[in-house]
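Report on the structure
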Amino acid sequence: MSILMTVTFFILMFASVPVAYALIIAGSVAVLSENMAQAPLVIVKLFTPTQSYPLLAIPFFILAGSLMMSGSLGRKLVGFAAALVGRYPGGLGQVSVVGSTVFGGVSGSAVAEASALGSMLIPWQKREGYPPAFAAAVTASSSVIAGLIPPSIPLIIYATVSNTSIASLFIAGILPGLMLALGLMVVCYVSAKRRGFPVISREQAGLIRDNFWAALPALLMPVFILILLRAGIATPTEVSVVAVAYALVISSVLYRDMTIHRLMAALKETGIATGVVMMVIMGSNLVGYVLTSERIPDTIAQWALNTLGSPALILLVMNALLLVVGMFLDLPAAILLLGPTLVGIGQAIGIDPVQLGIIVAVNLSIGLFTPPIGTTLFISSSIARQPIGAVVRELWPFYLVAFTVLMLFTFIPALTIY
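What you are looking at is a predicted structure, and each value in this text was computed from that prediction instead of being measured.

So, the overall build of the chain
- Along its length, the chain carries 20 helices and 0 strands.
- Its C-alpha atoms give the chain a radius of gyration of 21 Å, within 12% of the compact-globule value 22 Å for 418 residues.
- Referenced to the eigenvectors of the C-alpha coordinate spread, the extents of the chain come out at roughly 70 × 45 × 45 Å.
- The 418 residues of the chain split such that 55% are buried.

In structure tokens, the structure reads:
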């Protein structure tokens, strides 16, 4: 079954069939090829994973992020980032990084960040004299920070696969997200100094104090999330509902820019994004059933232990596998397909599942701005109206920073387990 499923899946992928449909069709073909009477089993395997209580957090966090980023609060966050770092060399690139870090604490979605921030910041950077390809590269790489810091949607999905605490993963994801942000800001600074990018004036950047108070409601949201989770006051799903209520109150009462049109647009965007994620989860569960029934994950884990032996070498191979897979598969699908196997290997070599979750998230986040199918890379390139190749040439120092962060969190467990 697994061979037929794999061949079918890759044929569908080469035919440009969306990943979710390819997973569902390939899994169904594999199961039904054994016995047509198993059609009810296909339906059950597709339906079962959608009944997960923790997964309810995904649509609510997406909705909270959409509500906050689509209004004046999003513009105030960008204003705060500009006031904070805009007047330094490479400041407008650093605004993208700081904005992505703050927005990541609101949306949890790299794709949402690339679209929302890119549409605001890339044209601004182009007007100020930044190379368009560099502006796209900054947005493509910095937007993936949302996949690491809470409320990270990839970490929620990994938690459901590995039975790991979402709160523990959220806490562990803060440091890699901040380290990646710092590294990308250094790249922006060095590139600007070396290539003579223009520097905006203090007046253009604005006053830090005024912009801080204007953006404070959004800055407090990730703090509330961490306090509620860390203190055990609410579950991640309950926190996601609180986040939506918070976004509605702030937009309606404080900024007074909430309209029915904007609310309906946010609900529509949330429905589409959630539908895509849930279909991937459904298809991955069916594919996982086929692989598990033939003991493929156990076989791969045993082969890795017997052949590679050294835990360090196994970790390197896992990283290489995740990087390659992340170049071709959507992040949720990659987590759901590889997660069970990697968790089994991690347990065998003594890797904490929280550390493994961060390794998986960092690897697959790099894949989002890596060709040939990097989602944030394509979004940023299209906004900047630049060819993919030109943007990739600007990305090499950003790749270097991301790989450095990846190696640190792969081989230094203390950075994630504390």
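Now that the structure has been shown, we can carry on.
Let's talk about the environment of Leu219
- Secondary-structure assignment places Leu219 in helix 12 (residues 208-230).
- Its relative accessible area of 19% is what places Leu219 among the buried residues.
- Each C-alpha atom, one on Leu219 and one on Phe103, is 8.8 Å from the other, the two residues being 116 residues apart in sequence.
- Excluding anything up to four places from it in sequence, Leu219 contacts Leu77, Phe80, Val102 and Phe212.

Looking at the pattern of salt bridges
- Within the structure shown, the criterion is met by 1 salt bridge.
- For the salt bridge of Glu394 with Arg195, the shortest nitrogen-to-oxygen distance reads 2.8 Å. In this pair, Glu394 is assigned in helix 20 (residues 388-411) and Arg195 in helix 10 (residues 166-195), connecting sequence segments 199 residues apart.
- According to the relative accessible area criterion, Glu394 is buried, its value standing at 15%.

Thoughts on the nonpolar core
- Of all hydrophobic cores here, the largest spans 142 residues; its most connected members are Leu180 and Phe398.
- Non-local contacts of Phe398, meaning those with residues more than four positions away in its chain, are made with Phe134, Ala137, Val138, Ser141, Leu184, Val187 and Cys188.

A few points about the packing of aromatic side chains
- Applying the stated criterion across every chain yields a total of 7 aromatic pairs.
- Between Tyr130 and Phe134, the aromatic rings sit 6.4 Å apart at their centres with planes inclined by 35°, giving tilted as the arrangement. Residues Tyr130 and Phe134 agree in their burial class; the two are buried.
- Relative to Phe197, the ring of Phe134 lies with its centre 5.0 Å away and its plane at 65°, an arrangement referred to as edge-to-face.

Some details on helix 5 (residues 72-85)
- For helix 5, built from 14 residues, the straight-helix expectation of 20 Å at 1.5 Å per residue is met to within 8% by its first-to-last C-alpha distance of 20 Å.
- Counting buried positions along helix 5 yields 11 of 14 residues, so the element is predominantly enclosed.
- Within helix 5, the full set of buried residues consists of Ser72, Leu73, Gly74, Leu77, Val78, Gly79, Phe80, Ala81, Ala82, Ala83 and Val85.

Considering a nonpolar patch on the surface
- On the surface, Leu313, Leu316, Val317, Met407, Leu408, Phe411 and Ile412 cluster together into a nonpolar patch covering about 510 Å² of accessible area.
- Broken down by secondary-structure element, the contributors of at least two residues to the nonpolar patch are helix 16 (311-326) and helix 20.
- Position of Val317 among the secondary structure elements: in helix 16.
- Val317 gets classed as partly exposed once you look at its relative accessible area, which sits at 36%.

Observations concerning the packing of helix 8 (residues 132-142) against helix 10
- At a closest axis distance of 11 Å, the pairing of helix 8 and helix 10 adopts a crossing angle of 170°. In this view, helix 8 runs roughly antiparallel relative to helix 10, as classed from their interaxial angle. Of helix 10, the residues touching helix 8 (which contributes Phe134, Val138, Ser141 and Ser142) are Leu184, Cys188, Ser191 and Arg195.
- When its residues are assigned to classes, the contact of helix 8 with helix 10 shows 4 nonpolar, 3 polar and 1 charged.

How each quantity is defined
Residues numbered from 1 in each chain as written. Predicted model: local features only at pLDDT ≥ 70, side-chain atom pairs only at ≥ 80, totals over all residues. Heavy atoms only, no water. Helix = DSSP H or I, 4+ residues; strand = E, 2+ residues; numbered from the N terminus. Rg over C-alpha atoms; globule rule 2.2 N^0.38 Å. Buried < 20%, exposed > 50% of the residue type's maximum accessible area, 1.4 Å probe, protein only. Contact = heavy atoms within 4.5 Å. Salt bridge = Lys/Arg side-chain N within 4 Å of Asp/Glu carboxyl O. Core = buried A, V, L, I, M, F, W, Y, C linked by side-chain atoms within 4.5 Å. Phe/Tyr/Trp six-rings, centres within 6.5 Å; stacked < 30°, edge-to-face > 60°. Expected span 1.5 Å × (residues − 1). Patch = residues over 30% accessible without salt bridge, like charges linked within 9 Å, V, L, I, M, F, W, Y side chains within 5 Å. Areas by Shrake-Rupley, 256 points an atom, 1.4 Å probe, with all protein chains shown as cover. Axes fitted to C-alpha atoms, helices over the stretch in contact; angles between N-to-C directions. Parallel < 35°, antiparallel > 145°, perpendicular 65-115°, else oblique. Nonpolar A, V, L, I, M, F, W, Y, C, P; charged D, E, K, R; others polar.

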